[in-house]
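Report on the structure
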Amino acid sequence: MSIKEFVQKFYKSDALIDSEILKTYLHPDVTLEWNSSKGFIKMDYNAIIEMANDLSRAYVRSKVRISHIISEDDLVSVRYSHFVKTIENPREEMLLAHFATIWQIKDDKLYKGYQMSQFS
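Bear in mind the structure is a predicted one, so any value in this text is a computation, not a measurement.

Focus on the packing of aromatic side chains
Each aromatic ring pair is specified by the distance between its two centres and by the angle formed by the two planes. On inspection of all chains with the given rule, the structure shows 6 aromatic pairs. Ring geometry for Trp34 and Phe99: centres 6.0 Å apart, planes at 50°, overall tilted. Of this pair, Trp34 sits in strand E1 (residues 26-36) while Phe99 sits in strand E5 (residues 93-106), and the two are 65 residues apart along the sequence. With respect to class, Trp34 is no different from Phe99; both count as buried. Clustering of aromatic rings is evident, with ring pairs tying together Phe6, Phe10, Tyr11, Tyr25, Trp34, Tyr80 and Phe99. Looking at Arg65, its charged tip hangs above the ring of Phe83, at a distance of 4.3 Å from the centre. The side chain of Lys112 reaches across the aromatic face of Tyr111, ending 4.7 Å from its centre.

Thoughts on the pattern of salt bridges
As enumerated under the stated definition, the model contains 7 salt bridges in all. A salt bridge links Lys23 to Glu20; the nearest nitrogen and oxygen atoms lie 3.1 Å apart. Of this pair, Lys23 and Glu20 both sit in helix H2 (residues 19-25), 3 residues apart, which is roughly one turn of that helix. Between Lys63 and Glu93 there is a salt bridge whose closest N-O contact spans 3.8 Å. Residue Lys63 is located in strand E3 (residues 59-72), and its partner Glu93 is located in strand E5; the two are separated by 30 residues in the primary sequence. Within this structure, Glu50, Asp54 and Arg57 form a network of salt bridges that share partners.

Comments concerning the sheet that holds strand E6 (residues 109-119)
Strand order in the open sheet formed by 6 strands is E2-E1-E6-E5-E4-E3, with mixed pairing between adjacent strands. Only two strands of the sheet have a single partner each, and these edge strands are strand E2 (39-44) and E3. Averaged over all adjacent pairs, the angle separating strand axes in this sheet is 20°, with direction ignored. Judged from the 6 bridges that link them, E1 and E2 form a sheet pairing that is antiparallel. Bridge pairing in E2 links Thr31 to Asp44. The sheet strands contacting helix H1 (residues 3-12) are E3, strand E4 (75-86), E5 and E6, and the helix crosses E3 at an angle near 165°.

Basis of the calculations
Residues numbered from 1 in each chain as written. Predicted model: local features only at pLDDT ≥ 70, side-chain atom pairs only at ≥ 80, totals over all residues. Heavy atoms only, no water. Phe/Tyr/Trp six-rings, centres within 6.5 Å; stacked < 30°, edge-to-face > 60°. Helix = DSSP H or I, 4+ residues; strand = E, 2+ residues; numbered from the N terminus. Buried < 20%, exposed > 50% of the residue type's maximum accessible area, 1.4 Å probe, protein only. Lys NZ or Arg CZ within 6 Å of the ring centre and 35° of its normal. Salt bridge = Lys/Arg side-chain N within 4 Å of Asp/Glu carboxyl O. Pairing = 2+ DSSP bridges. Axes fitted to C-alpha atoms, helices over the stretch in contact; angles between N-to-C directions. Contact = heavy atoms within 4.5 Å.

Pasting the structure below:
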């Protein structure tokens with residue numbers, strides 16, 4: 001599987017709201033540098049897992065729609081929109097945010113991430 005296919009598989013899975021699935025994609029030394037509309041966050045493995053746990057408590061479904069994905073060497077750039085369904089209203093899909101992320105892949109895992117997002 002190419003690294004581009006690996007990243008596509010990651011975003012098509014429920015990894016963003018299921019920490020057990022997420023663990024299969026993350027390198028033990030993963031870091032994510034995230035510039036959001038709320039400021040800069042640097043996350044390590046445990047913080048990323050905890051974020052997935054937090055999301056799973058608020059949302060029953062998560063869907064990513066990728067609009068652009070490009071790979072070169074050990075890097076994959078992906079632009080996507082993240083949609084969720086809340087526990088309170090599981091029939092209505094809502095746009096959570098738009099993202100642009102660059103992932104470095106190491107040992108067939110997500111290793112270094114650089115992400116920008118804007119809430120809908």
